[in-house]
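Fold and contact review
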Amino acid sequence: QVQLVESGGGLVQAGGSLRLSCAASRSIFRFNGMGWYRQVPGKQREWLATITTDGSTNYADSVKGRFTISRDSAKNTVNLQMNSLKPEDTAVYYCRAHTNVNIHWGQGTQVTVSS
């Protein structure tokens, strides 16, 4: 059973930064890709960023230039560096990993940005 555990959420003032981490229970190279999503109550989960096995990255327009996804293969983690945070970035942030046949989610970590 694959486990993904997010950490690093918290409360930050607008303009501040946070770094989220997602620790996988197995080698991240066994996934086709890993990514970050977020969700606020009453809204659909929003895709933010993806990193693939070959290291390619993609970002949603809403976070491009502010958020950076990266990986640490030695620690089997994928990180999301979030800069210039805005109150509208407040959400529960989820890590996602996928293979050809499965999708795995973490339990989420709360990020709150105060104005």
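Our subject in this report is the structure included herewith.

What follows concerns the overall build of the protein chain. Across its full length, the protein chain holds zero helices and 11 strands. Moving toward the C terminus, one meets the helices and strands of the protein chain in the order β-β-β-β-β-β-β-β-β-β-β. Projected onto the principal axes, the alpha-carbon positions of the protein chain cover approximately 40 × 25 × 25 Å. Across the 115 residues that make up the protein chain, the buried fraction comes to 42%. A separation threshold of at least 6 residues defines the contact pool for the protein chain, and within that pool the share at least 24 residues apart is 53%. Accessible surface, the protein chain: about 6,000 Å² in total, of which carbon and sulfur atoms supply 46%. With 12 positive and 7 negative side-chain charges, the protein chain shows a spacing of 4 Å between the two charge centroids.

Right, let's talk about unusual backbone geometry for a bit. Positive phi, close to 55°, is recorded for N76, a residue that is not glycine. With respect to the secondary-structure elements, N76 resides in the loop between β7 (67–72) and β8 (77–82). For S84, which is not glycine, the phi dihedral falls at a positive 50°. Residue position: S84 is located in the loop between β8 and β9 (91–98). Residue class for S84 comes out partly exposed when judged on its relative accessible area of 42%.

Moving on to the nonpolar core. By size, the foremost hydrophobic cluster in this structure holds 29 residues, and its most contacted members are M34, W36, L80, M82 and Y93. Every residue in contact with M34, bar those within four places of it in the chain, is listed here: L4, C22, I28, A49, T50, I51, I69, V78, C95, R96 and A97.

Reading across the sheet, the four strands line up as β1-β3-β8-β7 and stay open at both edges, with antiparallel pairing between neighbours. Among the strands making up the open sheet, the edge pair consists of β1 (4–7) and β7. When the angles between neighbouring strand axes are averaged without regard to direction, this sheet yields 15°. As judged from the six bridges shared by β7 and β8, these two strands associate in the antiparallel manner. Each residue of the ladder has a partner; that of T68, found in β8, is Q81.

A few words now on the environment of G8. Within the element layout of this structure, G8 appears in the loop between β1 and β2 (10–13). If we ignore the near neighbours within four places in the chain, the residues touching G8 are L18, R19, L20 and T109.

If you walk through the whole model with that rule in mind, you get two aromatic pairs. Between the aromatic rings of Y37 and W105, the centroid separation amounts to 5.0 Å while the plane-to-plane angle is 70°, which identifies the pairing as edge-to-face. Of this pair, Y37 sits in strand β4 (residues 33–39) while W105 sits in strand β10 (residues 103–105), placing them 68 residues apart in sequence. Overall, the relative accessible area of 15% leaves Y37 in the buried class. You can call W105 partly exposed: its relative accessible area is 35%. With a centroid separation of 6.4 Å and 90° between ring planes, the pair formed by Y94 and W105 is classed as edge-to-face. Here Y94, found in strand β9, pairs with W105, found in strand β10; they are 11 residues apart in sequence, far enough to count as distant. By relative accessible area, Y94 is classed as buried at 14%. Linked through ring pairs, Y37, Y94 and W105 together constitute an aromatic cluster. Sitting above the plane of the Y94 ring, R45 keeps its charged end 3.7 Å from the centroid. We note R45 situated over the ring of W105; from NZ or CZ to the ring centre the distance is 4.6 Å.

So, how was this worked out
Residues numbered from 1 in each chain as written. Predicted model: local features only at pLDDT ≥ 70, side-chain atom pairs only at ≥ 80, totals over all residues. Heavy atoms only, no water. Helix = DSSP H or I, 4+ residues; strand = E, 2+ residues; numbered from the N terminus. Buried < 20%, exposed > 50% of the residue type's maximum accessible area, 1.4 Å probe, protein only. Contact = heavy atoms within 4.5 Å. Areas by Shrake-Rupley, 256 points an atom, 1.4 Å probe, with all protein chains shown as cover. Lys, Arg positive; Asp, Glu negative; His and termini not counted. Charge placed at Lys NZ, Arg CZ, Asp CG, Glu CD. Core = buried A, V, L, I, M, F, W, Y, C linked by side-chain atoms within 4.5 Å. Pairing = 2+ DSSP bridges. Axes fitted to C-alpha atoms, helices over the stretch in contact; angles between N-to-C directions. Phe/Tyr/Trp six-rings, centres within 6.5 Å; stacked < 30°, edge-to-face > 60°. Lys NZ or Arg CZ within 6 Å of the ring centre and 35° of its normal.

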